[in-house]
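Spelled out, the chains give:
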Amino acid sequence: MENQKRKKREVEGIYNQSYLYEKGFIVLDTILPLGIESCDLIKYDDNSVYLYHVKKTLGQSTREACSQILNAAEMIRGAITLSQGSESSNYLERLWREITEYNGDEEWKKVVAEQSHRVTVMLWQTLTKC
């Protein structure tokens, strides 16, 4: 069973990383500030930001996906609306730091860090208008 879960995560990771060089996408797969995955992929344009949670199929993992989406939405909304200093208000800041200050060995995360510096103002301003 554990091998199956690991294989599923590997397949999802490969799919998510296929968006690494697609214009208007940022890959956030496995970036977990406060242990919460905000999404697998961010798609953005001049007016909108979309958060994608990637799942191979609907089934038993649907409950897990719904829980991830709810947790992420609550943290992001809390970061936007709550007072400074709360755990939620620090979520986007922590997410941003984990993306842009990455110094590990995974090449794709280094690419994400570099790409993220280019979209800083527009993306985060749009996201915080939600």
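Note that the coordinates shown come from a computational prediction; the quantities given were computed from them, not determined experimentally. (Residues numbered from 1 in each chain as written. Predicted model: local features only at pLDDT ≥ 70, side-chain atom pairs only at ≥ 80, totals over all residues. Heavy atoms only, no water.)

Caption draft 1: Structural context of the sheet that holds strand β1 (residues 25–27). A sheet is described by the order of its strands in space; here 3 strands give the open sequence β1-β2-β3, paired in antiparallel fashion. Unpaired on one side and paired on the other, β1 and β3 (49–52) mark the two borders of the sheet. When strand polarity is set aside, the average angle formed by the axes of neighbouring strands in this sheet is 20°. Pairing geometry for β1 and strand β2 (residues 41–44), over 3 bridges, is antiparallel. Bridging across to β2, Ile26 finds its partner in Ile42. (Pairing = 2+ DSSP bridges. Helix = DSSP H or I, 4+ residues; strand = E, 2+ residues; numbered from the N terminus. Axes fitted to C-alpha atoms, helices over the stretch in contact; angles between N-to-C directions.)

Caption draft 2: Representation of the pattern of salt bridges within the structure. Taken as a whole and judged by the stated rule, the model has 2 salt bridges. Linking Glu106 and Lys109 is a salt bridge whose minimum nitrogen-to-oxygen distance equals 3.4 Å. The partner of Lys110 in a salt bridge is Glu107, with the nearest N and O atoms 3.2 Å apart. Of this pair, Lys110 and Glu107 both sit in helix α4 (residues 107–118), 3 residues apart, roughly one helical turn. (Salt bridge = Lys/Arg side-chain N within 4 Å of Asp/Glu carboxyl O.)

Caption draft 3: Representation of the packing of aromatic side chains in the model. Scanning all chains against the criterion turns up 3 aromatic pairs. With a centroid separation of 5.5 Å and an interplanar angle of 65°, the aromatic rings of Tyr15 and Tyr19 are classed as edge-to-face. On the accessibility criterion, Tyr15 (40% relative accessible area) is partly exposed. Within the aromatic cluster, the residues linked to one another by ring pairs are Tyr15, Tyr19, Phe25 and Tyr52. (Phe/Tyr/Trp six-rings, centres within 6.5 Å; stacked < 30°, edge-to-face > 60°. Buried < 20%, exposed > 50% of the residue type's maximum accessible area, 1.4 Å probe, protein only.)

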